[in-house]
Amino acid sequence: MTAEPEGLAPASPGVIAEVDAAAQPRNPLRDPRDRRIPRVAGPCVLVMFGVTGDLARKKLMPAVYDLANRGLLPPGFSFVGFARRDWADEDFAQVTYQAVKEYARTPFRDAVWEQLSEGVRFVSGSFSDDAAFDELAECVHKLDAERGTGGNYAFYLSIPPSQFPTVVQQLKRSGLSDSHGRGWRRVVIEKPFGHDLASARELNATLDGVFPPEAVFRIDHYLGKETVQNILALRFANEMYEPIWNRGYVDHVQITMAEDIGIGGRAGYYDGIGAARDVMQNHLLQLLALTAMEEPVAFDADSLRMEKEKVLSAVRLPADLATGTARGQYAAGWQGGRQVGGFLEEDGIPPDSRTETYAALRLGVDTRRWAGVPFYLRAGKRLPRRMTEIALIFQRAPHLPFSATDTEELGQNALVIRIQPDEGITVRFGSKVPGTAMEVRDVNMDFAYGESFTESSPEAYERLLLDVLIGDPPLFPRQQEVELGWRILDPVEDFWATYSKPEQYPAGSAGPASAEELMAQDGRAWRRL
Amino acid sequence: MTIDLTDTTTAAIHEALTQARRRMGGPASGMVLTLIIVTDEADQYDAVRAASHAGREHPSRILAVITRKPKSDSRLDAEIRVGETGPGETILLRMYGPLGEHADSVVAPLLAPDVPVVTWWPDEAPRSPGSDRLGAVAQRRVTDAAAADAPRDMLLTLAKSYQPGDTDLSWTRSTPWRSLLAATLDQPYPEILSGEVLAEPTNPTADLIAAWLGTRLGIEVRRGESAGPGVTEVSFTTQDGQVTISRPDGRTATLSWPGRPERRVALHRRDTDDLVAEELRRLEPDEVYAETLRALARGSS
């Protein structure tokens with residue numbers, strides 16, 4: 001008996017674009033049918049800037065450990081921290097150790113930590129310090145020699161965007177950004193990607209001269225890859241949704257991102273940015289794109305981006321921005337059983353701040369599929385609860401063979417994609433109430449990702465880091481998408497800056513009255529938060 | 001909540017389950033799979049524990065089939081556990097007398113509707129799992145050659161009776177090794193002339209790794225012996241010299257490659273929970289396992 005010819009092996013479904021498949025010789029031990037063997041990163045060094053921040057401690061370091069614990073990091077993997085601290089390698093290892101102990105999701109194993117900590121290094125210095133970057137260069141080259149990391153470096157910039165130019169220039173000056181054809185270079189940046197079109201372009205120009213576009217990983221951890229793939233699977237792997245996913249059946253779409261918290265300690269960042277720039281430009285427009293886009297020709301990053309860009313370029317603002325948008329600021333009130341202060345009373349916020357903590361927007365999508373179907377977006381802080389969802393609200397049945405009293409309590413059918421918490425899908429439809437009388441009322445059918453699979457979703461940062469180290473092209477915005485987002489939002493921001501002042505809404509309420517009005521004038525209402 | 005039913009029927013078990021659920025305040029929804037564990041009184045505790053752990057975050061129905069006193073009169077005792085070990089349901093079915101020969105008649109009405117069935121023999125497995133009565137109802141049949149008296153012979157027996165959906169925990173144990181080996185060859189490597197796998201003499205995982213490497217790389221792979229624990233070393237003889245991955249302590253592996261620094265990586269042995277969890281993850285036939293088994297059988301004939 002012979003082994004089956006390899007031509008019969010199915011292409012690996014669900015895998016987003018395998019990288020460099022053609023560039024590397026085939027590895028005989030890998031087989032697309034062998035689903036047990038995970039993708040493992042090749043030899044490399046992860047260099048992290050901003051290691052003293054919360055994000056690094058709570059998310060990134062634990063994610064590195066979890067990856068190692070799951071056997072997804074290569075032998076010799078090394079982790080270098082860079083910060084303005086007077087630390088030796090051991091001190092940094094100790095900081096990492098504590099972060100891992102406290103926040104890692106997988107059980108702590110001494111052997112894994114021991115092995116990981118052998119590759120932990122620290123370079124001390126400020127971002128403007130040439131000598132420190134030379135030392136960093138020396139440090140990674142030494143790792144190549146000592147630990148066989150093969151000249152592959154990923155730079156994670158967990159730092160404020162204002163410092164990107166300095167760090168990127170330093171990487172260039174010290175020769176770290178150029179691999180001279182040996183090994184790869186990748187750079188990871190987190191949102192925000194600018195605060196308007198001009199600044200986004202400026203940021204891009206900073207990176208562009210130093211790293212090629214495919215080496216730049218723009219991370220939007222909030223909208224993890226898992227979520228994007230879930231939405232794509234729902235829409236394009238099934239037969240039952242596509243026929244009704246258009247203006248013939250959908251009445252309108254509501255995309256919501258509600259947070260119960262205030263701005264916390266982020267005053268410095270938040271003032272002057274506001275809800276629209278903070279989450280609408282990126283998260284909500286991404287969700288809109290995923291909901292409204294046409295089917296990509298293939299399930300790879302390029303085809304996907306093409307469709308997203310297409311639909312984002314078809315997004316239209318309301319003709320009258322005064323009635324088609326709404327914004328607010330939370331005032332003092334009771335939220336979740338606690339008395340909380342208003343936005344203008346937060347530390348670090350000037351009492352005359354015009355930054356909004358709530359934004360709502362009606363958008364149109366000018367395509368054959370969506371003509372006349374409004375997309376309502378809203379995002380806000382200090383709302384009753386934390387929740388992010390996409391809701392497709394369907395039209396009412398054209399004819400009901402029941403008497404009006406029978407269907408008094410029947411609403412519109414809805415399909416809700418819950419992003420968080422409790423990721424899943426809800427379908428809302430009418431059902432008969434048990435009893436002798438004919439009465440139809442709304443009921444819910446629920447599906448939760450957490451309950452239906454024998455594996456739990458990987459933590460967003462784990463997946464993200466692994467994608468970066470493997471070189472899987474990011475599903476996340478390339479520059480073009482970022483710019484399209486700002487193109488949509490910039491006129492709204494300009495209008496707000498000139499003509500309107502955010503309306504106050506009590507903390508713990510569902511938002512300002514003008515947002516309710518925005519819906520009411522169309523004869524619709526927001527879904528309850 | 002635990003409910004004991006003695007001398008009972010499947011209808012009564014169903015009734016008790018429904019009542020228990022109602023009392024706990026939750027409907028039976030989102031059940032991911034039914035896991036049948038074929039075991040005996042002595043081993044049921046460990047097996048059920050591992051299975052509940054593996055499915056901790058994911059409700060499944062675990063049916064433990066325990067055969068007792070084959071010579072006595074037929075009788076079915078059930079022990080129902082709901083809401084104790086997690087979101088799922090566990091039912092221990094103790095079958096006395098001739099009923100033990102007809103366990104499938106008890107199990108069939110208790111399978112959760114519309115979800116896959118997995119049968120697991122933690123200890124002694126039938127020579128042909130696919131034609132076993134409890135194996136035939138399952139999409140996936142999990143055996144463990146390492147639990148047999150002669151593990152290698154057991155693998156050869158399983159190779160003969162292989163049907164799509166069969167799998168073995170000694171194969172599952174090879175995953176971390178195989179993924180490290182695959183990662184090692186992701187980089188450009190010198191031509192490989194032959195290989196060797198070292199482990200305890202009766203370690204079936206080492207037999208499978210050797211067969212897998214042999215068929216994938218088209219080289220001869222020797223199966224050598226060591227004192228363990230588990231698989232201790234895999235090495236390749238290449239044109240440039242020896243490429244070796246050794247793991248003498250069962251925890252950390254060292255990769256040596258001619259002309260390069262030694263690199264270490266964690267490679268720990270896993271608990272039964274983890275192995276079962278891996279098995280439950282994908283329920284389609286494992287074709288690579290099938291090929292490896294065939295290669296092993298070819299090499300032995």
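Please read all numbers here as calculations on a predicted model, not as lab measurements. (Residues numbered from 1 in each chain as written. Chains lettered and ligands numbered in written order. Predicted model: local features only at pLDDT ≥ 70, side-chain atom pairs only at ≥ 80, totals over all residues. Heavy atoms only, no water.)

Draft legend 1. Region of the structure containing the overall build of chain B. A tally of regular secondary structure across chain B gives 10 helices and 14 strands. The principal-axis extent of the C-alpha atoms belonging to chain B is close to 70 × 40 × 30 Å. The buried share among the 301 residues of chain B stands at 57%. Entry remark: accessible area of chain B is about 12700 Å², with carbon and sulfur atoms responsible for 47%. Averaging the positions of the 34 positive and the 44 negative side-chain charges in chain B gives two centres separated by 2 Å. (Helix = DSSP H or I, 4+ residues; strand = E, 2+ residues; numbered from the N terminus. Buried < 20%, exposed > 50% of the residue type's maximum accessible area, 1.4 Å probe, protein only. Areas by Shrake-Rupley, 256 points an atom, 1.4 Å probe, with all protein chains shown as cover. Lys, Arg positive; Asp, Glu negative; His and termini not counted. Charge placed at Lys NZ, Arg CZ, Asp CG, Glu CD.)

Draft legend 2. Just the interface of chain A and chain B, in detail. Each partner contributes to the interface: chain A provides 43 residues, whereas chain B provides 48 residues. Where chain A abuts chain B, roughly 4000 Å² becomes buried across the two surfaces, and 50% of that area is made up of carbon and sulfur atoms. In this assembly, chain A and chain B are joined by nine salt bridges. For Glu287(B), the salt bridge identified is with Arg33(A), shortest N-O distance 3.1 Å. Summed over the shared surface of chain A and chain B, the result is 18 residue pairs in polar contact (both at pLDDT 80 or more). (Contact = heavy atoms within 4.5 Å. Buried area = accessible area lost by both parts, 1.4 Å probe. Salt bridge = Lys/Arg side-chain N within 4 Å of Asp/Glu carboxyl O. Polar contact = N/O pair within 3.5 Å; in protein donor to acceptor, adjacent residues only side chain to side chain.)

Draft legend 3. Geometry of the environment of Thr238(B). All names here are of chain B. Secondary-structure assignment places Thr-238 in strand β11 (residues 231-238). For Thr-238, a relative accessible area of 6% puts it in the buried group. Once the C-alpha coordinates of Thr-238 and Glu-191 are considered, the two residues, 47 residues apart in sequence, prove to be 5.5 Å apart. Excluding anything up to four places from it in sequence, Thr-238 contacts Pro-190, Glu-191, Ile-192, Leu-193 and Val-243. Polar side-chain contacts of Thr-238 include one of 2.7 Å to the backbone oxygen of Gly-241.

Draft legend 4. Region of the structure containing a nonpolar patch on the surface. Residue and element names in this part refer to chain A. A contiguous nonpolar surface patch, about 230 Å² in accessible area, is contributed by Leu-400, Phe-402 and Met-438. The topology assignment puts Phe-402 in the loop between β14 (387-394) and β15 (414-420). Judged by relative accessible area, which is 36%, Phe-402 ranks as partly exposed. (Patch = residues over 30% accessible without salt bridge, like charges linked within 9 Å, V, L, I, M, F, W, Y side chains within 5 Å.)

Draft legend 5. How the structure looks around the nonpolar core. Among the nonpolar cores identified, the biggest contains 106 residues, and Phe49(A), Phe155(A), Leu157(A), Phe375(A) and Leu377(A) are the most heavily contacted of them. Each residue touching Phe155(A), except ones within four places of it in the same chain, is listed here: Val47(A), Phe49(A), Leu171(A), Leu176(A), Arg185(A), Arg186(A), Val187(A), Val188(A) and Phe211(A). Formed by 71 residues, the second largest nonpolar core is a distinct cluster that contains Ala125(B), Leu155(B), Ala253(B) and Leu296(B). (Core = buried A, V, L, I, M, F, W, Y, C linked by side-chain atoms within 4.5 Å.)

Draft legend 6. Representation of the sheet that holds strand β8 (residues 166-168) of chain B in the model. Residue and element names in this part refer to chain B. As summarised here, the arrangement of the eight strands in space is β1-β4-β5-β3-β2-β6-β7-β8, forming an open sheet in which the pairing is mixed. In the strand order of this sheet, the two ends are held by β1 (2-5) and β8, each with one partner. In this sheet, neighbouring strand axes are inclined to one another by 15° on average, regardless of whether the strands run parallel or antiparallel. Here strand β7 (residues 140-143) runs beside β8; their pairing, made up of three bridges, is parallel. Across the sheet, the residue bridging to Thr-143 is Asp-168, located in β8. Strands β1, β3 (61-68), β4 (75-82) and β5 (89-96) of the sheet are contacted by helix α1 (residues 10-24), whose axis makes an angle of about 15° with β4. Running at roughly 160° to strand β2 (residues 34-39), helix α2 (residues 44-54) makes contact with β2, β3, β4, β5 and β6 (117-120) of the sheet. (Pairing = 2+ DSSP bridges. Axes fitted to C-alpha atoms, helices over the stretch in contact; angles between N-to-C directions.)

Draft legend 7. Unusual backbone geometry, seen in detail. Omega for the bond connecting Gln420(A) with Pro421(A) falls within 30 degrees of zero, at -10°, which places this linkage in the cis form. In this structure, Pro421(A) sits in the loop between β15 and β16 (424-432). Gly228(B) connects to Pro229(B) through a cis peptide bond whose omega is 0°. Residue Asp7(B) is not a glycine yet carries a positive backbone phi of 45°. Mapped onto the elements of the fold, Asp7(B) is located in the loop between β1 and α1. Judged by its relative accessible area of 57%, Asp7(B) is exposed. Here Asp114(B), not a glycine, exhibits a phi torsion of approximately 65°, which is positive. As for its position among the elements, Asp114(B) is in the loop between α3 (103-107) and β6.

Draft legend 8. Up close: the packing of aromatic side chains. For the coordinates displayed, the defined rule picks out 23 aromatic pairs over all chains. Seen in terms of ring centroids, Tyr162(B) and Tyr289(B) are 6.1 Å apart; in terms of plane orientation they differ by 65°. Their pairing is edge-to-face. Residue Tyr162(B) is found in the loop between α5 (151-160) and β8, and its partner Tyr289(B) is found in helix α10 (residues 287-300); the two are separated by 127 residues along the sequence. Of the two residues, Tyr162(B) and Tyr289(B), neither departs from the other in class, the shared state being buried. Linked through ring pairs, Phe49(A), Phe82(A), Phe127(A) and Phe133(A) together constitute an aromatic cluster. Note that Arg75(B) overlies the ring of Tyr96(B), its terminal NZ or CZ placed 4.4 Å from the centroid. One Lys or Arg, Arg178(B), reaches over the ring of Trp212(B) and ends 5.0 Å from the middle of that ring. (Phe/Tyr/Trp six-rings, centres within 6.5 Å; stacked < 30°, edge-to-face > 60°. Lys NZ or Arg CZ within 6 Å of the ring centre and 35° of its normal.)

Draft legend 9. Fine view of the environment of Thr325(A). All names here are of chain A. Along the chain, Thr-325 falls in strand β9 (residues 325-331). Sequence separation between Thr-325 and Gly-53 is 272 residues; the distance between their C-alpha atoms is 35 Å. Thr-325 has contacts with Ala-360, Leu-361, Val-492, Trp-496 and Leu-518, leaving out every residue within four places of it along the chain. Among the polar contacts listed, one links the side chain of Thr-325 to the backbone oxygen of Leu-321, at a separation of 2.7 Å. Of note is the side chain of Thr-325, whose polar atom sits 3.1 Å from the side chain of Trp-496.

Draft legend 10. Geometry of the sheet that holds strand β1 (residues 45-49) of chain A. All names here are of chain A. Reading across the sheet, the six strands line up as β3-β2-β1-β4-β5-β6 and stay open at both edges, with parallel pairing between neighbours. Two strands in the sheet have a free side with no partner beyond their single neighbour: β3 (120-124) and β6 (216-219). Strand after strand, the sheet turns through a mean of 20° between neighbouring axes, direction not considered. In terms of strand pairing, β1 meets strand β2 (residues 78-83) through five bridges, oriented parallel. In the sheet register, Val-45 faces β2, and the bridge partner there is Ser-78.

Draft legend 11. Region of interest: the packing of helix α6 (residues 197-208) of chain A against helix α14 (residues 479-499) of chain A. Residues and elements named next belong to chain A. Between α6 and α14, the least distance of the axes is 9 Å, while the angle of their chain directions is 165°. In terms of their interaxial angle, α6 and α14 are classed as roughly antiparallel. Helix-helix and strand crossings are classified by hand; for α6 and α14 the assignment is right-handed. Here α6 contributes Leu-197, Ala-200, Arg-201 and Asn-204 to the contact with α14, which in turn contributes Gln-479, Val-482, Glu-483, Trp-486, Arg-487 and Asp-490. A breakdown of the residues in the contact of α6 with α14 according to their chemical character gives four nonpolar, two polar and four charged. (Parallel < 35°, antiparallel > 145°, perpendicular 65-115°, else oblique. Left-handed = near helix turned anticlockwise from the far one by under 90°. Nonpolar A, V, L, I, M, F, W, Y, C, P; charged D, E, K, R; others polar.)

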